[in-house]
Amino acid sequence: MNDEPAVRFERVRSTFEQTPAAAAVTVVNAALMAAVLVAAEEDRRAYAWLAIIVLVTAARLALWRAFRHAPQARAQHRRWSLASACGAFAAGLAWGGGSVLLFPQSETY
């Protein structure tokens, strides 16, 4: 019996299971970082970056909800795995882009 598709689905399910907690932590951390940057450097671009983080997080939560309600998620584990990876990639771009855009050239930061 080939259990590989079942194992792959469990990996995808496990990843999506962590999405709500990860989303909450992401938004809280981004809000704190934006607040610190605005207070320390008066850089209002931090609010735009925070909005991007919130939008990416909302998209990942929508994807999580779609996965939970997908009737054939087990059969489509590759599709959901790719969708999860794309969401993580978008979040990484948003965080990395924020560090490139927002952090001042000062060595203090």
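Keep in mind that what you see is a predicted model, and the values were worked out from it rather than measured. (Residues numbered from 1 in each chain as written. Predicted model: local features only at pLDDT ≥ 70, side-chain atom pairs only at ≥ 80, totals over all residues. Heavy atoms only, no water.)

1. What about the overall build of the chain?
Test applied: Elements are defined by DSSP. Helices are runs of H or I of four residues or more, strands are runs of E of two residues or more, and each kind is numbered from the N terminus. Any residue under 20% of the maximum accessible area for its type is buried, any over 50% is exposed, and the rest in between are partly exposed; the area is computed with a 1.4 Å probe on protein chains only. We call two residues in contact whenever any of their non-hydrogen atoms come within 4.5 Å of each other. In these tables, accessible area is a Shrake-Rupley quantity obtained with a 1.4 Å probe, and a residue counts as shielded only by the protein chains included in the view.
From N to C terminus, the chain includes four helices and zero strands. Reading the chain from its N end, one meets helices and strands in the order α-α-α-α. Within the chain, buried positions represent 27% of all 109 residues. A fraction of 72% describes how many contacts in the chain between residues 6 or more apart in sequence connect residues 24 or more apart. Surface accessibility of the chain: about 7,400 Å² in total, with carbon and sulfur atoms responsible for 61%.

2. Brief notes about the side chain of Thr19
Here Thr19 is to be found in helix H2 (residues 19-41). Leaving out residues up to four positions away in the same chain, Thr19 has contacts with Arg60, Leu61 and Trp64.

3. Structural notes on helix H4 (residues 77-102)
Heads up, the rule is: Helices are assigned an expected span. That span is 1.5 Å times one less than the residue count.
Compared with the 38 Å implied by 1.5 Å per residue over 26 residues, the 37 Å span of H4 between its first and last C-alpha is a close match. By the burial criterion, the buried members of H4 are His77, Trp80, Ser84, Gly87, Ala91, Ala94, Gly98 and Leu102. Each element contacted by the buried residues of H4 is listed here: helix H1 (4-17), H2 and helix H3 (45-69).

4. A look at the side chain of Thr57
Checked against the element boundaries, Thr57 lands in helix H3. Owing to a relative accessible area of 8%, Thr57 belongs among the buried residues under this scheme.

5. Regarding the nonpolar core
We apply this condition: Among buried residues, those of type Ala, Val, Leu, Ile, Met, Phe, Trp, Tyr and Cys that are joined through side-chain atoms within 4.5 Å constitute a nonpolar core.
Formed by Ala30, Ala34, Leu37, Val38, Ala46, Trp49, Leu50, Ile53, Val56, Ala91, Ala94 and Leu102, the largest nonpolar core amounts to 12 residues. Breaking this core down by element, the ones donating at least two residues are H2, H3 and H4. When residues of this core are assigned to their parent elements, the largest contribution, five residues, is made by H3. If near-sequence neighbours (up to four positions away) are discounted, Val56 is found in contact with Ala90, Ala91 and Ala94. Phe9, Val12, Ala73 and Trp80 belong to the second largest nonpolar core, which has eight residues in total.

6. Focus on the environment of Ala83
Residue placement: Ala83 occurs in helix H4. For the pair Ala83 and Trp64, spaced 19 residues apart in sequence, the C-alpha to C-alpha distance is 9.7 Å.

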